[in-house]
Amino acid sequence: MTSMAVGQVLRQLPEGRTLWVRGLGRSMWPLLRSGDSIQVLRCAVEAVALGDLAVLLRADGGLTAHLVTGTSPVRTASLLGREDPSAELLGRVIRVRTRGVEVPVPVLARPWLRAAQRLGTTAFRNPVSRGAVRLARAWGTSAWTRPARARWLGAWTVRPLCPAEAHVLLVFAGHHLPHAAAELGAELARGAGLVMGAFDARGRLRGFVYAEEGSARERWLLVAPMARGLGVDGALLRELAREARARGWEAPSPPLHRSGG
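Residues numbered from 1 in each chain as written. Predicted model: local features only at pLDDT ≥ 70, side-chain atom pairs only at ≥ 80, totals over all residues. Heavy atoms only, no water.

Asker: Give a detailed account of the overall build of the protein chain, specifying residues and quantitative values.
Answerer: A tally of helices and strands in the protein chain yields seven helices and 12 strands. Taken over the C-alpha trace, the protein chain has a radius of gyration of 20 Å; the compact-globule value for 261 residues is 18 Å, and the two agree within 12%. Taken over the C-alpha atoms alone, the protein chain extends approximately 60 × 45 × 30 Å along its principal axes. By residue count, 41% of the 261 residues in the protein chain fall in the buried class. Considering only intrachain contacts with a sequence separation of at least 6, the fraction spanning at least 24 residues in the protein chain is 62%. Element-wise, carbon and sulfur atoms account for 58% of the exposed surface of the protein chain, whose accessible area totals about 14,100 Å². Positive and negative side-chain charges of the protein chain, numbering 36 and 20 respectively, have mean locations separated by a distance of 9 Å. (Helix = DSSP H or I, 4+ residues; strand = E, 2+ residues; numbered from the N terminus. Rg over C-alpha atoms; globule rule 2.2 N^0.38 Å. Buried < 20%, exposed > 50% of the residue type's maximum accessible area, 1.4 Å probe, protein only. Contact = heavy atoms within 4.5 Å. Areas by Shrake-Rupley, 256 points an atom, 1.4 Å probe, with all protein chains shown as cover. Lys, Arg positive; Asp, Glu negative; His and termini not counted. Charge placed at Lys NZ, Arg CZ, Asp CG, Glu CD.)

In C-alpha cells:
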C-alpha cells in the first residue's frame with residue numbers, strides 16, 4: 001500500500017482508533033529510523049499538545065510524523081527544527097516499533113521530546129556544529145579511511161533484488177535519499193524495472209541501481225557514504241549492464257539521479 005493510500009485509510013478512521021504505519025526518511029533520526037513503524041491514534045487537533053509526535057497528511061497525499069512546536073494553530077517541525085508547511089493533522093503517535101521492540105510514547109514524554117528537538121535545532125543552527133559534522137562526514141568517506149572501510153565491509157555481492165526485498169530497498173533509500181523513496185515505492189509497486197543491489201560481507205545493503213524495464217531513460221544510483229570510493233558504483237553499473245543485455249534490453253546510459261561512488 002502506498003503512502004497516499006495509507007494516508008486516506010488513516011483519514012477515514014474514527015477518532016480513538018489506531019493504525020500501525022511504517023515510515024521512511026530520516027527527518028526524526030535518531031528518535032525514528034527509516035523503516036520503523038508507528039502506532040497512530042486518530043484524534044482531533046484539540047487533542048495534541050506541545051511535544052507530541054503528530055502525524056500529518058501533506059498536500060501531496062503523503063504522511064509526515066513530526067513534533068508539535070505550537071498550537072492554535074498547530075505547528076510542527078522535524079527534529080532539527082525545520083518547520084512544516086500547513087498540513088492536515090490526522091493523529092498522534094502512541095507507540096513505536098523499532099528493531100522488533102515496541103516502545104510506548106506516553107504524554108509524559110512530551111517535555112523530553114521538546115528538549116531533544118531544542119537541542120537538535122540549536123546544534124543544526126550553530127555553524128561550528130554544522131562544520132564539525134561536515135568535517136566528520138568528509139573524513140569518514142575520504143581516501144584516508146578507505147582501507148579500513150574496505151576491511152570492515154569485506155567482500156561484495158552484487159545481484160538483482162527480488163520482490164520480497166523491496167522493503168529493504170525502500171528503508172535504505174528512505175534513510176540515504178528520502179526524496180527518492182516515494183518514487184521508488186511507486187515503481188516497485190508496479191512490478192516493473194530492474195534493481196541491482198550491492199551487499200557487504202554481512203549481507204547488508206550498501207548500494208543499489210534501478211533501471212526502468214526495457215529502457216535506461218530513468219534510473220537511480222545510490223551508494224551509502226561508508227561504501228563510497230570502493231568501486232561499488234562501477235560494480236553496480238557493470239552488473240546492471242550485464243543483466244540488461246541478458247534480458248535483451250537497451251544498454252543502460254549514465255543515470256539521471258546518482259549519489260555515491
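Past the structure itself, the notes keep going.
Asker: Could you give me a rundown of unusual backbone geometry, with the residues and numbers involved?
Answerer: Here the residue pair Trp 29 and Pro 30 is connected by a cis peptide bond, since its omega of 10 degrees sits within 30 degrees of zero. Residue position: Pro 30 is located in the loop between strand E1 (18–22) and strand E2 (37–42). For the peptide bond that leads from Ser 72 to Pro 73, omega is 0 degrees, which places it in the cis range. Relative to the assigned elements, Pro 73 resides in the loop between strand E4 (63–70) and strand E5 (75–77). The backbone of Ser 72 sits at a positive phi, close to 55 degrees, despite the residue not being glycine. With respect to the helices and strands, the residue Ser 72 is situated in the loop between E4 and E5. According to the relative accessible area criterion, Ser 72 is exposed, its value standing at 75%. Unusually for a residue other than glycine, Arg 99 sits at a positive phi of about 55 degrees. Its place among the elements puts Arg 99 in the loop between strand E6 (88–98) and strand E7 (101–104).

Asker: Can you lay out the nonpolar core for me, pointing to particular residues and giving the numbers?
Answerer: Counting residues in each nonpolar core, the largest one holds 21 residues, and the members touching the most others are Ile 38, Val 55, Leu 63 and Val 93. Other than its neighbours up to four places away in sequence, Ile 38 contacts Leu 19, Trp 20, Val 21, Leu 32, Val 55, Ala 65, Val 93, Arg 95 and Val 96. Counting residues in each nonpolar core, the second largest holds 16 residues, with Leu 170, Phe 208, Trp 220 and Leu 222 among its members. (Core = buried A, V, L, I, M, F, W, Y, C linked by side-chain atoms within 4.5 Å.)

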